[in-house]
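Next come the chains, spelled out residue by residue.
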Amino acid sequence: MGILREDVVLISPADKAGDPTVISVNCPDKTGLGCDLCRIILLFGLSISRGDFSTDGKWCYIVLWVDGKTDTRWDLLEKRLLEVCPSYFSTSGIDFYRPVNQQPKQLDVFLLKFWCSCDRKGLLHDITQVLFDLELTIKRVKVSTTPDGKVMDLFFITDTRELLHTKERQSQTILHLKTALGDILVSCEIESVGLEITACSQGTLFLPSTITEDMFSLELPSRHPGGLLASNPISVTVDNTLSPSHTLIQILCQDHKGLIYDTMRTLKDYNIQVSYGRFFTNRKGCCELDLFIVQADGKKIVDRNKQNALCSRLRMELWRPLRVSMVSRGPDTELLVANPVEFSGRGRPLVFHDITLALKNLNTQIFSVEIGRHMICDREWEVYRILLDEGDSCHVPGIRIEEGVRKMLMGWE
């Protein structure tokens, strides 16, 4: 006998202002479920302050305490969490150690094309915010400003609700954009496009070798300019003595936006199952995680090389989950941001949203944007190349822009 669908995900509102909301998930288990759930919670702009989860090999129970915004759409969050939970009708035949890095469902791609009569600071973020609120995911962007100050934006987007092919959904999207942009919106069109057109829209695939070597290194340096590593110490240790059947991974580090997601996606990419885990963040922003894990074959990790490789990757992913750098592009200044793509093909949520918000707060205008995916150091990366307006970039030092964007992405603003 299964459980009712509405019992799979339960969201208990906070008793009073300042208290966390409690999310409980009770469903069949699968490798990577924690990653998928944490990704959605991150997508909704929530932070996990505490968590507890366990599995008996077929069924799992997860409790997450989250701090959110007053305007969080909890009913929609519940629906999205349900969508990644395995079938609740039956637990027979579950093999949760199987590889689960299948590609997600391919959604239809649409081209959102519009002209604005003039540019203004924060324009791109305002557009991004509208698309985010409508659950429209940005896959590619081509933004350009003409010499006379007009703006042409091309957004290749997918619709989480899978309704953008309808006139009603298109009209709703255009209306929200008109409301947000006002009189500067000259025209707006939405049309369906093929995947091959989306691929051709990525722009240049070339990245300078100096950037790829320095920015995308997978090695954790012993020293780093500016003392970033010293200010964010990370401890990852392995213990095989506490459990006869599980390896214990213990992590101590400074909290950042999406920390639990970064941990879980790394374990998911390694096809590692978390059988029991708990974590919490104290008031000083220090996070502690205890994770009892097994390999794909259901056994603990005894090989010293595998232990070292996993610990090294976790340290790097928690120290630098995103890469941010200011680089010269000829006579111009370019902001380069990159994040690793999951083996399943999913990118990190809200990156472009946070980049544009940081630049808006810094009063820095964007001239053009290119978003593409690159294979670098045997990993796929989502790379954002943002050319800053020459008239504005000189007013804000590059190091301040880089720091401001990094803090926004890490939740340290």
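Everything numeric here is computed off the predicted structure, so don't read it as measured data. (Residues numbered from 1 in each chain as written. Predicted model: local features only at pLDDT ≥ 70, side-chain atom pairs only at ≥ 80, totals over all residues. Heavy atoms only, no water.)

## Looking at the sheet that holds strand E7 (residues 151–159)
Read across the open sheet, the 8 strands follow the order E8-E5-E7-E6-E15-E16-E14-E13; overall the sheet is antiparallel. Among the strands making up the open sheet, the edge pair consists of strand E8 (185–193) and strand E13 (323–329). Adjacent strand axes in the sheet meet at a mean angle of 25° when their direction is disregarded. Relative to E7, strand E6 (residues 136–145) runs antiparallel, the two being bridged by 9 bridges. (Pairing = 2+ DSSP bridges. Helix = DSSP H or I, 4+ residues; strand = E, 2+ residues; numbered from the N terminus. Axes fitted to C-alpha atoms, helices over the stretch in contact; angles between N-to-C directions.)

## A few points about the pattern of salt bridges
A full pass over the atoms with the stated rule returns 23 salt bridges. Between arginine 120 and aspartate 126 there is a salt bridge whose closest N-O contact spans 2.8 Å. Judged by its relative accessible area of 17%, aspartate 126 is buried. Salt-bridge contacts for aspartate 290 lead to arginine 278; the nearest nitrogen and oxygen are separated by 3.8 Å. Placement of aspartate 290 in strand E12 (residues 286–294) and of arginine 278 in strand E11 (residues 273–281) is noted, with a sequence separation of 12 residues between them. According to the relative accessible area criterion, aspartate 290 is partly exposed, its value standing at 22%. Judged by its relative accessible area of 46%, arginine 278 falls in the partly exposed class. Each of Lys30, Asp36, Arg39, Lys268 and Glu342 takes part in salt bridges that share partners, so that together they form one network. (Salt bridge = Lys/Arg side-chain N within 4 Å of Asp/Glu carboxyl O. Buried < 20%, exposed > 50% of the residue type's maximum accessible area, 1.4 Å probe, protein only.)

## Some details on the nonpolar core
If you look at the biggest cluster of nonpolar residues, it comprises 51 residues, and the most contacted ones within it are Val9, Ile23, Ile260, Met264 and Leu291. Ranked by the residues each element gives to this core, the list is headed by helix H1 (residues 33–43), at 7 residues. Residues contacting valine 9, with those up to four places away along its chain left out, are Ile23, Ser24, Val25, Glu78, Leu81, Leu82 and Cys85. (Core = buried A, V, L, I, M, F, W, Y, C linked by side-chain atoms within 4.5 Å. Contact = heavy atoms within 4.5 Å.)

## A look at the packing of helix H8 (residues 259–269) against helix H9 (residues 304–319)
Taken N-terminus to C-terminus, the directions of H8 and H9 make an angle of 150°; their axes are 10 Å apart at the nearest point. The two elements H8 and H9 meet at a crossing, and its hand is right-handed. Between H8, through Leu259, Asp262, Thr263, Arg265, Thr266 and Leu267, and H9, the contact on the second element is made entirely by Leu310, Arg313, Leu314, Glu317 and Leu318. (Left-handed = near helix turned anticlockwise from the far one by under 90°.)

## Considering unusual backbone geometry
A positive phi is found at glutamate 162, a non-glycine position, where the angle reads about 55°. Relative to the helices and strands, glutamate 162 resides in the loop between E7 and helix H4 (167–181). Although it is not a glycine, asparagine 363 adopts a positive phi angle of roughly 60°. Along the chain, the position of asparagine 363 falls in the loop between helix H10 (351–361) and strand E15 (366–376).

## Details of the side chain of threonine 263
Here threonine 263 is to be found in helix H8. According to the relative accessible area criterion, threonine 263 is buried, its value standing at 0%. Residues within four places of threonine 263 in sequence aside, it is in contact with Ile251, Leu289, Leu291, Leu314 and Leu318.

## Quick look at the confidence of the model for the protein
Predicted confidence across the protein gives a mean pLDDT of 86, with 85% of residues reaching 70 or more. Segment residues 224–228: pLDDT under 50, and 4 contacts once partners within four positions in sequence are set aside and those in other chains are kept. (pLDDT = per-residue confidence, 0-100.)

## A closer look at the packing of aromatic side chains
Scanning the model with the defined rule gives 4 aromatic pairs in all. Ring centres of phenylalanine 53 and phenylalanine 279 lie 5.8 Å apart, and the angle between their planes is 55°; this geometry places the pair in the tilted category. Pair noted here: phenylalanine 53 is in strand E3 (residues 47–55) and phenylalanine 279 is in strand E11, with a separation of 226 residues, a long-range link. Phenylalanine 279 shares its class with phenylalanine 53; the two are buried. Taken together, a centroid distance of 6.1 Å and an interplanar angle of 45° make the contact between tyrosine 276 and phenylalanine 292 tilted. Here the residue tyrosine 276 occupies a position in strand E11, and phenylalanine 292 occupies one in strand E12, the gap between them amounting to 16 residues. What makes tyrosine 276 partly exposed here is its relative accessible area of 28%. The residue whose ring lies beneath arginine 50 is tryptophan 65, and the NZ or CZ to ring-centre distance is 3.9 Å. (Phe/Tyr/Trp six-rings, centres within 6.5 Å; stacked < 30°, edge-to-face > 60°. Lys NZ or Arg CZ within 6 Å of the ring centre and 35° of its normal.)

## Structural notes on the environment of glycine 182
Within the element layout of this structure, glycine 182 appears in the loop between H4 and E8. Taking the C-alpha atoms as reference points, glycine 182 and cysteine 116, 66 residues apart in sequence, are found 9.8 Å from one another.

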